[in-house]
Amino acid sequence: MSNVTPEEVLRSIAECINTGNIDSLVMLYESDACFASQPGQFIKGREDIRQSIQGFVDMRGKLESRIKRIIQTSNLALAISEWSFSGTGPDGKPVNLAATATDVLRQQSDGTWRVIIDNPWGIN
């Protein structure tokens, strides 16, 4: 996985969820990143993000993401993407979700990018 551009970070997030690589996934976030675990509900920090995303990983589904736009200036980037997820819930029933995500990424001193704000639910 590479995180040299904001696009690569977003692709890596989907890849990590699809392969169940939660350890690599949380490293794509800054240590104090903010994440919308549900529409209108925000958590902060890698450990809370790990716990929240673990539910998606546990459904052993497939996340598909399509980057719509990246707006970048200096060391910040705003990413807008559409995603869909299909998996199996804990009750054995199919789970199908989709939304338009908004993410803010920041370039690190080593040139790599990490997510600082992740709102998979878009404007909610």
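The structure contained in this document is the topic of the report that follows. What you see is a predicted model; the values in this text were computed from it and never measured.

Within the structure shown, the criterion is met by four salt bridges. A salt bridge links Arg50 to Glu47; the shortest N-O distance between them is 3.6 Å. In this pair, Arg50 and Glu47 both sit in helix H3 (residues 46–58), three residues apart, roughly one turn of the helix. Among the residues examined, Glu47 registers a relative accessible area of 45% and is labelled partly exposed.

Position of Trp113 relative to the elements: it lies in strand E6 (residues 113–119). Residue class for Trp113 comes out buried when judged on its relative accessible area of 2%. Remark: the alpha-carbon pair of Trp113 and Pro6, spanning 107 residues in sequence, is separated by 6.1 Å. At 3.4 Å, the side chain of Trp113 and the backbone oxygen of Val4 are in polar contact.

Moving on, we come to the sheet that holds strand E2 (residues 41–44). With mixed pairing, six strands are arranged side by side in an open sheet as E2-E1-E6-E5-E4-E3. Each end of this open sheet is capped by a strand with a single partner; those strands are E2 and strand E3 (62–73). Here the strands of the sheet are splayed against their neighbours by 25° on average, with no regard to which way each runs. The sheet strands contacting helix H1 (residues 6–19) are strand E1 (29–38), E3, strand E4 (76–88), strand E5 (94–107) and E6, and the helix crosses E3 at an angle near 165°. Contacts from H3 reach E1, E2, E4, E5 and E6, with the element oriented near 45° to E1.

What follows deals with the pairing of E6. Within E6, five of the seven residues are buried, leaving the element largely enclosed by the surrounding structure. Taken together, the three bridges between E1 and E6 define a ladder with parallel strand orientation. Along E6, the bridge assignment pairs Phe35 with Asp118. For E5 and E6, the ladder comprises six bridges, and the chain directions are antiparallel. Bridge assignment links Gln107 to a residue of E6, and that residue is Trp113.

Right, let's get into unusual backbone geometry. In this structure, Arg60 is a non-glycine residue whose phi angle is positive, near 45°. Locating Arg60 in the fold gives a position in the loop between H3 and E3. Accessibility expressed as a relative area gives 78% for Arg60, which makes it exposed. Of note, Ser74 is a non-glycine position whose phi angle comes to about 50°, a positive value.

Here is what the cut-offs are and how they apply
Residues numbered from 1 in each chain as written. Predicted model: local features only at pLDDT ≥ 70, side-chain atom pairs only at ≥ 80, totals over all residues. Heavy atoms only, no water. Salt bridge = Lys/Arg side-chain N within 4 Å of Asp/Glu carboxyl O. Helix = DSSP H or I, 4+ residues; strand = E, 2+ residues; numbered from the N terminus. Buried < 20%, exposed > 50% of the residue type's maximum accessible area, 1.4 Å probe, protein only. Polar contact = N/O pair within 3.5 Å; in protein donor to acceptor, adjacent residues only side chain to side chain. Pairing = 2+ DSSP bridges. Axes fitted to C-alpha atoms, helices over the stretch in contact; angles between N-to-C directions. Contact = heavy atoms within 4.5 Å.

Fair warning: the whole summary comes from geometry, so function is off the table for now.
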